[in-house]
Every structure is written in C-alpha cells, then in structure tokens.
Amino acid sequence: MIPDLLPLAADVDSISIAFEEGSLTTLKIVIGAILFGIALDTRLEDFALAARRPGTIAIGVVAQFLLLPALTFGLTLLLDVRSSVALGMILVACCPPGNVSNILTHRARGDVALSVSMTAVGNVLAIFAMPLNVAFWGALHPTGKAVLEDIELSAWDMLSEIALVIGLPFVAGITIARLWPVVAARAGKVVGPVAFLGLGAVIVVGVANNWSIFLDYIGVVVIAVFLHDALALLLGYGIAKATRLPDSSTRAMTFEVGIRNAGLGLLLVFTYFDGLGGMALVAAWWGIWDIIAGLAVAQWWRSRTTTRRSQEAAA
C-alpha cells in the first residue's frame, strides 16, 4: 500500500457514498435496460452456437467464474487493500460481462458471434454463480469477512435481486427477439446505447453529488483498479493463447473475461452494502476505466489488423 495514502485508506472503510432512493431505482431500471438490450440482440440460436462450441465456452466460463475471482482474491492480499476495497474488487470480478464486450470485440475485428454467445451464457450463469462467488470469496477474505458478517449478507437475497435485474429483462428480451425479430432488431439499436448512456449519467450524477469524497479517496482505488483491470484482460488473453484459440476468438475471449458489468456491481453495493466507501469507489471507477482500457486494446488490435491487410494487399 502506498504510504501517503495510508490515513485515507484507513478511513475509506468508514465512509458511505450518498445515493438517493430515486437514483437507486433509476440505476435498477438502467441495469435492467442494459440486460434487456443484450437479450434483444440475442437469439436462441446463439445458445445453439454455444452448444456447438462447448470447449471454447467452457474455457470462458472457467476463466470468468472461477479463475478471475480467485486471482482477484490473491491480488487483494498482495496489494494489502482495505476490506471495503477488497470486497469491491471481488464483487466486480464476480459480475457478468456486459454488451460493451460485444462492441469492443467488433471494434477489434474479433469473433463477434463467439462474444455474443459467451455474453448470453455468462449472464444466465451469473444469476446463480455471482451471489455464491461473492459470498464464498468475501467470507474467505481475512478482513472482508467482518464486513459481510456485520451486514449479514445472504447469497439467496442477492440471488433474488440478480434474478430480478438480470433474469426478467433477459427473458423478456429473448422472447421479443423470438416472436418479433424485426421489432427486436430495431429496438436493440436504441435500447442498448440509451441504457449505456443512462448508466454513465447515473455514475456522473453520483460522483457529482459526492465530489469531495471522490476527490479525497479516489487515489486509494486508482492503482488497485488499474492492476485489477489489467489482470482481467490478461487472463482472458492468456487463457485463450494457452488453449490455442484462433486470433479472432482470442480477441473475443479477452474482452469477455476482461470487461465486467460494474454497473450491476454498483447497484448491489447500494442495495446491500449501504454505499460502503471502498466498494462504491471501486465499482464506479472500474466502470469508467474498464471502457477506456478496453477501447485502447480494441483500437490497437484494429490498427494491427488494418496494417497487416494493407501489407498483404501490397504484396
């Protein structure tokens, strides 16, 4: 831990980020809309495609729901972060991927079909895997477990919340896509981007309302989030390379593992953890930094592909 930040780090566990009830309701609607938008772009055929590539999907599932939480747990111990920061990192690691991963995969000229299939499968599995992962790794953490005991977090309570926010919009979206594909195609082009902008607006308003706290404590989580995000992206890339996936699939796997739906994590922080300082800061900053880092990686891959194609054309 950086010495100059020790006093602030000690205090971050005791602060609470203010979030009005109306804002929390808006956040729930926005997260539900994001999942609804993902479902509108999902077809039952995507699950059939996933079934035809069980090995690749299994690799992604293992990386997302087993390896990333475990490595995150180790990173929190290595960095010696405070309990609320550690729980925030664990919570984000347990979140499913969002539709941003599909956008970045497309931008990087990766395997979009694989990305969409993995996002669909990941979000369905997250309904059950996320609360169990948070409860398991949080209770195992030497300092984070005390916070969970004080809050008396129930994995079943979190399961019901996640099922409501993820499950219902997802089922509704897939149903519409199945019955009215033209409507779904048109709505999908609007719902996803609007919901994403809505999430950004909620985060901006939340930061503005807690500006002094944000300025005082953001330094406590910046390095942790930077390293955590890099770890997630490298895990996706590394496991794809280790299992010898094609280049386009490697790009998809990198973003499916590296991009997390931090907005969902933020919602759970305010629903179950009363806006606990370190957790809220980690989730909010991750939601911003993850997109910046993802865009940089996607652009680098896109530039490499363009250069290679130009060289091949010239030859």
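Residues numbered from 1 in each chain as written. Predicted model: local features only at pLDDT ≥ 70, side-chain atom pairs only at ≥ 80, totals over all residues. Heavy atoms only, no water.

**Section: the packing of helix 7 (residues 112–140) against helix 8 (residues 144–151)**
Okay, so step 1: Axis separation between helix 7 and helix 8 bottoms out at 6 Å; the angle between their running directions is 120 degrees. As judged from the angle between their axes, helix 7 and helix 8 are oblique. Residues Val134, Ala135, Gly138 and Ala139 of helix 7 pack against Gly144, Lys145 and Leu148 of helix 8.
Okay, so step 2: Within the contact of helix 7 with helix 8, the residues separate by chemical class into four nonpolar, two polar and one charged. (Axes fitted to C-alpha atoms, helices over the stretch in contact; angles between N-to-C directions. Helix = DSSP H or I, 4+ residues; strand = E, 2+ residues; numbered from the N terminus. Parallel < 35°, antiparallel > 145°, perpendicular 65-115°, else oblique. Contact = heavy atoms within 4.5 Å. Nonpolar A, V, L, I, M, F, W, Y, C, P; charged D, E, K, R; others polar.)

**Let's talk about the packing of aromatic side chains**
Okay, so step 1: Using the criterion set out here, one finds six aromatic pairs in the structure.
Okay, so step 2: Judged by centre distance (5.9 Å) and plane angle (50 degrees), the ring pair of Phe226 and Trp289 falls under tilted. Taken as a pair, Phe226 in helix 11 (residues 211–242) and Trp289 in helix 14 (residues 277–314) lie far apart in primary sequence, 63 residues in all.
Okay, so step 3: Geometrically, the ring pair formed by Trp300 and Trp301 is tilted, given 6.2 Å between the ring centres and 40 degrees between the ring planes.
Okay, so step 4: The exposure class of Trp301 is buried, given its relative accessible area of 4%. (Phe/Tyr/Trp six-rings, centres within 6.5 Å; stacked < 30°, edge-to-face > 60°. Buried < 20%, exposed > 50% of the residue type's maximum accessible area, 1.4 Å probe, protein only.)

**Points about unusual backbone geometry**
Okay, so step 1: Non-glycine residue Asp80 carries a positive phi angle of around 55 degrees.
Okay, so step 2: Within the secondary structure, Asp80 is located in the loop between helix 4 (54–79) and helix 5 (83–94).
Okay, so step 3: Non-glycine residue Arg109 carries a positive phi angle of around 60 degrees.
Okay, so step 4: Mapped onto the elements, Arg109 comes out in the loop between helix 6 (100–107) and helix 7.
Okay, so step 5: Residue classification places Arg109 among the partly exposed residues on the basis of a relative accessible area of 31%.

**Considering helix 10 (residues 181–209)**
Okay, so step 1: Between its terminal C-alpha atoms helix 10 stretches 41 Å, which fits the 42 Å expected from 29 residues at 1.5 Å a residue.
Okay, so step 2: Those residues of helix 10 that sit buried are Ala184, Gly188, Val191, Gly192, Ala195, Gly198, Leu199, Val202, Ile203, Gly206 and Val207. (Expected span 1.5 Å × (residues − 1).)

**Describing helix 7**
Okay, so step 1: Under the 1.5 Å per step criterion, the end-to-end length of helix 7 is only 36 Å for 29 residues, more than 12% shorter than the ideal 42 Å.
Okay, so step 2: Along helix 7, the sharpest kink reaches roughly 55 degrees, centred on Ala126.
Okay, so step 3: Residue Asp111 occupies the N-cap position of helix 7, its side-chain oxygen lying 3.3 Å from the main-chain nitrogen of Ala113. (Bend = angle between axes of the 7 residues up to and from the residue. Polar contact = N/O pair within 3.5 Å; in protein donor to acceptor, adjacent residues only side chain to side chain.)

**Some details on the pattern of salt bridges**
Okay, so step 1: This structure, assessed with the given rule, holds two salt bridges.
Okay, so step 2: Arg53 is the partner of Asp111 in a salt bridge, and the nearest nitrogen-oxygen pair spans 3.2 Å. In this pair, Asp111 is assigned in the loop between helix 6 and helix 7 and Arg53 in the loop between helix 3 (44–52) and helix 4, connecting sequence segments 58 residues apart.
Okay, so step 3: For Arg53, a relative accessible area of 24% gives the class partly exposed.
Okay, so step 4: Residue Arg251 is joined to Asp247 by a salt bridge in which the shortest nitrogen-to-oxygen separation is 2.8 Å. Residue Arg251 and its partner Asp247 are located together in helix 12 (residues 247–258), separated by four residues, close to a single helical turn. (Salt bridge = Lys/Arg side-chain N within 4 Å of Asp/Glu carboxyl O.)

Nothing here speaks to function; it is all geometry.
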